[in-house]
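# Results of the structural survey
In case you want the letters, here they are:
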Amino acid sequence: MQTITPAVLDQQRNQNTVFIGGSLVAAIVTVAILLLINTVPMRVAYDVGSQPAPISHLFGAERNASMSYAYSQGESLILEPMIGIGTYEVRVRMGGPGGRDPLPTTITVGGEEIAIGEVGAMRVYRFLAPADARGALAVIVRSATIQPPGDTRRLGVLFDYLEIRSLGWTLPSMLTLVVAVVAFGSGWMTIALLGEGNARRTALLAPVSIVTGGIAWLLRSQNESLELWFLAGMAMTAFGALVVRPPSWLVRRTMLAAALLVGVWRVALWIVAWAALHTSQRLFPLAQHIVSSTDSRVQASVTFTQVVSTAWSHWDSRLYLSIVTLGYQHPPEEHANMAFLPFYPLLIRALLPLTGGDAVLAGMIVAHCALIAAVLLFADVVARDFGAQVAYRAVATLLCFPTSFFLGAVYAESVALALLALALWGLRRQRWMLAGIAGFFLSLTRLPGVLIAPVLALAIVEHAGWRLPPLTRAYLAPVLPALGIGLFMAYQWQQFGSPLIFLQTQRDIWDQQLSPPWVQLFMMIDTIATGSTHWSGHWPTRAFQLAVWLSFAGLAAVALRRLPLAYSLTAVMMLLPAYLTNVSHSLPRYVLLALPAFLMMALLIERRPALLATIPAALVLLGWTTALFVNGFFVG
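Since we're looking at a predicted model, the values are computed, not measured. (Residues numbered from 1 in each chain as written. Predicted model: local features only at pLDDT ≥ 70, side-chain atom pairs only at ≥ 80, totals over all residues. Heavy atoms only, no water.)

If you tally the helices and strands in the chain, you get 23 helices and ten strands. Compactness check: the chain gives a C-alpha radius of gyration of 28 Å against a globular reference of 26 Å for 636 residues, within 12% of the reference. Each of the 636 residues in the chain was classed as buried or not, and the buried ones make up 54%. Between the mean site of the 39 positive side-chain charges and the mean site of the 30 negative ones, the chain shows a separation of 11 Å. (Helix = DSSP H or I, 4+ residues; strand = E, 2+ residues; numbered from the N terminus. Rg over C-alpha atoms; globule rule 2.2 N^0.38 Å. Buried < 20%, exposed > 50% of the residue type's maximum accessible area, 1.4 Å probe, protein only. Lys, Arg positive; Asp, Glu negative; His and termini not counted. Charge placed at Lys NZ, Arg CZ, Asp CG, Glu CD.)

See below:
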């Protein structure tokens, strides 16, 4: 064993001290830059009809020979969330419909409503507006509405131009400080993990401070800005650095490492969502060339609640939530929710008293608690069988996968993952009843969960030396997953007259049927070769689905040769339903349940570290799919 001399230890301590000291200096310089930025007079102007403006509840932009404009729907909010604490002069050029019809109008500033009389002919209105304690400027413009002849809309005042000027010094807004912490922290983490030599890393902190200040300056008064994407890129880069070059002391602490990976991943994807929602107007034209289905629209304004909660509830989320609020419906009146199993909705309903009846918030809490449990259990079982390094890589590859954002959305994937990880944990420790109970609830969460039953049965026989073991409670374990789905089928039979309604719904609503695996393979290849459009997306989306199909088929084949039976058979069983169907639109999400496949990825990376070069591409795809999903596009 190589020994480290006291002189070398002292040198390492001195180098670390230099880097830590440099980090503190850089942080102080960053704060000084933020304060300096807010001493500079600020002016921002918007031509309302020709560019995105921070005004909510407007009809679409219109244009005539002299100006471009947009009509209010009766009450509009002018909001600058990052402008800074201080007082501002706001100038608004507006008029009544057609620039002539007078409408009684009020303006609410600083909680005080002020009547400005009838707004008719176009003119500029000026008023002073203080930002609130968080540094956000909010002005509410309310007016009466009229319905012009031949127009189906009820129109409020017409907005043509908005200008905001600072009066004197201001202080950074709370949101600016959050952005600065994230930007500086992301840059610091990337340098600390990827930099070579403490002196060079310390020197690189200077541009990090300058970049952080630049982002804060550009975002100070912008409602829609590509600078947010730069911030998202910094956060995703920091996460990638943590994946590729984790410190050895962190890897050895398996539980802490897994929790830290989830935390950084979660913050990075929230920032991606923030950027995507702010730039939805630019994102939509590009996205429509990639995917073909959406249930959303361009965002007029973006709130904190939307970024961290409501934007993560689309598509299947609505069906899960309909079970929570309305129960199962058959025949479907509005929600075809019979195809969805009940355990996740039951957990959401149990949490409703704690969230004030907010089902989306309850769904997010359940999903995140389940994700943390899944990652910790998975990391622990893999660390015991393959070592801490492989456990770290397995969790990292799971979180880097391009559809891993579903684990932090109002979907059942994270709950199913936690139950599957618990079943594996029980299997590897011969706690058969614990594994069986996990399988019981797994089969009530996602349909592939019932296939954990043969895995349990074979694991018990393998443990007994491939002989029939004595009659014990362990015999109940493989029965429990079948009992779970059996209870749900009995409920459907009793309530709606058939035990197979959940399968009939999948067939009738989504045309999903049992098919050989090559059916969806050939359909994907045909779409790509002909450049045609499938309802789940254009050829780039189908190419992504094909890559996932091939990758996980290969991983399952390799796992059967190299992993213990409990792992390899679990991977195959969890993938089987996704491959034995005629549709592939949700395949990139379904494969998340094949946890041992990510273990196989980790083992391949350990054998061939050059495979780490795929991580940047995976993170780019993860950012792109996240941006699509939070804007309502179908990606799985």
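The next point concerns helix H15 (residues 452–463). Helix length check: H15, at twelve residues, gives a terminal C-alpha distance of 17 Å against a target of 16 Å (1.5 Å per residue), a fit within 8%. Among the residues of H15, those classed as buried are Ile452, Ala453, Val455, Leu456, Ala459 and Ile460. The arc enclosing the buried residues of H15, seen along the axis, measures out at 160°, which places them on a common side. Just past H15, the residue glycine 465 takes up positive phi, approximately 75°. (Expected span 1.5 Å × (residues − 1). Arc of directions from axis to C-beta.)

On to a positive patch on the surface. A cluster of like positive charges, contributed by Arg561, Arg562, Arg607 and Arg608, occupies part of the molecular surface. Along the chain, the position of arginine 607 falls in helix H22 (residues 595–607). Accessibility expressed as a relative area gives 54% for arginine 607, which makes it exposed. (Patch = residues over 30% accessible without salt bridge, like charges linked within 9 Å, V, L, I, M, F, W, Y side chains within 5 Å. Areas by Shrake-Rupley, 256 points an atom, 1.4 Å probe, with all protein chains shown as cover. Salt bridge = Lys/Arg side-chain N within 4 Å of Asp/Glu carboxyl O.)

What follows covers the pairing of strand E7 (residues 112–119). Inspection of the sheet shows strand E6 (residues 103–109) paired to E7 by seven bridges, in the antiparallel sense. Its bridge partner being in E7, valine 109 is matched across the sheet by glutamate 112. In this antiparallel pair of consecutive strands, E6 and E7, the connection spans two residues, and glycine 110 shows a positive phi of 60°. (Pairing = 2+ DSSP bridges.)

Turning our eyes to something else, we now look at the packing of aromatic side chains. Going through the model one piece at a time under the given rule, you end up with 21 aromatic pairs. Arranged with centres 5.4 Å apart and planes meeting at 65°, the rings of phenylalanine 406 and phenylalanine 629 form a pair that is edge-to-face. Placement of the pair is phenylalanine 406 in the loop between helix H12 (388–400) and helix H13 (413–428) and phenylalanine 629 in helix H23 (residues 615–630), with a sequence separation of 223 residues. What makes phenylalanine 406 buried here is its relative accessible area of 0%. (Phe/Tyr/Trp six-rings, centres within 6.5 Å; stacked < 30°, edge-to-face > 60°.)

So, on to a nonpolar patch on the surface. A cluster of nonpolar side chains, namely Val31, Leu35 and Leu171, defines an oily patch on the protein surface of about 260 Å² accessible area. In this structure, valine 31 sits in helix H1 (residues 6–37). Its relative accessible area of 47% is what places valine 31 among the partly exposed residues.

The strands making up a sheet are joined through hydrogen bonds of the backbone, oriented either antiparallel or parallel. Read from one edge of the open sheet, four strands run E4-E9-E6-E7, paired in antiparallel fashion. The open sheet has two edge strands, strand E4 (75–80) and E7, and neither has a second partner. Direction aside, neighbouring strands of the sheet carry axes that sit 20° apart on average. (Axes fitted to C-alpha atoms, helices over the stretch in contact; angles between N-to-C directions.)

With that out of the way, let us pick up unusual backbone geometry. Even without being glycine, histidine 57 reaches a positive phi, approximately 55°. Along the chain, histidine 57 turns up in the loop between strand E1 (43–47) and strand E2 (62–63). On the accessibility criterion, histidine 57 (47% relative accessible area) is partly exposed. In the Ramachandran plot, tryptophan 315 falls in the positive-phi region, its phi being about 55° despite a non-glycine side chain. Its location among the elements puts tryptophan 315 in the loop between helix H8 (304–308) and helix H9 (316–326).

What follows is about the packing of helix H18 (residues 517–530) against helix H19 (residues 539–562). Put simply, H18 and H19 touch, their axes get as near as 9 Å, and they point 145° apart. The hand of the H18/H19 crossing is left-handed. Contacts between H18 and H19 involve Pro517, Gln520, Leu521, Met523, Met524, Ile525, Thr527 and Ile528 from the former and Trp539, Arg542, Ala543, Gln545, Leu546, Trp549 and Leu550 from the latter. (Left-handed = near helix turned anticlockwise from the far one by under 90°. Contact = heavy atoms within 4.5 Å.)

Turning to the nonpolar core, a few remarks are in order. Core analysis: the largest hydrophobic core is formed by 167 residues, its most contacted members being Trp312 and Phe552. What phenylalanine 552 contacts, discounting residues up to four positions off in sequence, is Phe401, Leu575, Tyr579, Val591, Ala597, Phe598 and Met601. Of all hydrophobic cores here, the second largest spans 28 residues; its members include Ile78, Tyr88, Val90 and Val119. (Core = buried A, V, L, I, M, F, W, Y, C linked by side-chain atoms within 4.5 Å.)

What follows deals with the pattern of salt bridges. Should the charged atoms of two oppositely charged side chains come close, the side chains can pair. The tally for this structure, following the rule as stated, stands at 16 salt bridges. Measuring nitrogen to oxygen at the nearest pair gives 3.4 Å for the salt bridge that ties arginine 429 to aspartate 380. With arginine 429 in the loop between H13 and helix H14 (432–443) and aspartate 380 in helix H11 (residues 359–386), this pair connects stretches of sequence that are 49 residues apart. There is no split in this pair, since arginine 429 and aspartate 380 are both buried. Put simply, arginine 393 and glutamate 606 hold a salt bridge, and the shortest N to O gap is 3.2 Å. Residue arginine 393 is located in helix H12, and its partner glutamate 606 is located in helix H22; the two are separated by 213 residues in the primary sequence.

Time to look at the side chain of threonine 445. Tracing the backbone through its elements, the reader meets threonine 445 in the loop between H14 and H15. Looking at threonine 445, its side chain comes within polar contact range of the main-chain oxygen of phenylalanine 441, at 2.7 Å. When residues no more than four places from it in sequence are discounted, the contact partners of threonine 445 are Tyr320, Leu341, Phe343, Ala412, Val415, Ala416 and Leu419. (Polar contact = N/O pair within 3.5 Å; in protein donor to acceptor, adjacent residues only side chain to side chain.)

Of note, leucine 361 is situated in helix H11. The class of leucine 361 is partly exposed, set by a relative accessible area of 34%. Expressed as a C-alpha distance, the spacing of leucine 361 and leucine 351, which sit ten residues apart in the sequence, is 9.2 Å.

Nothing here speaks to function; it is geometry throughout.
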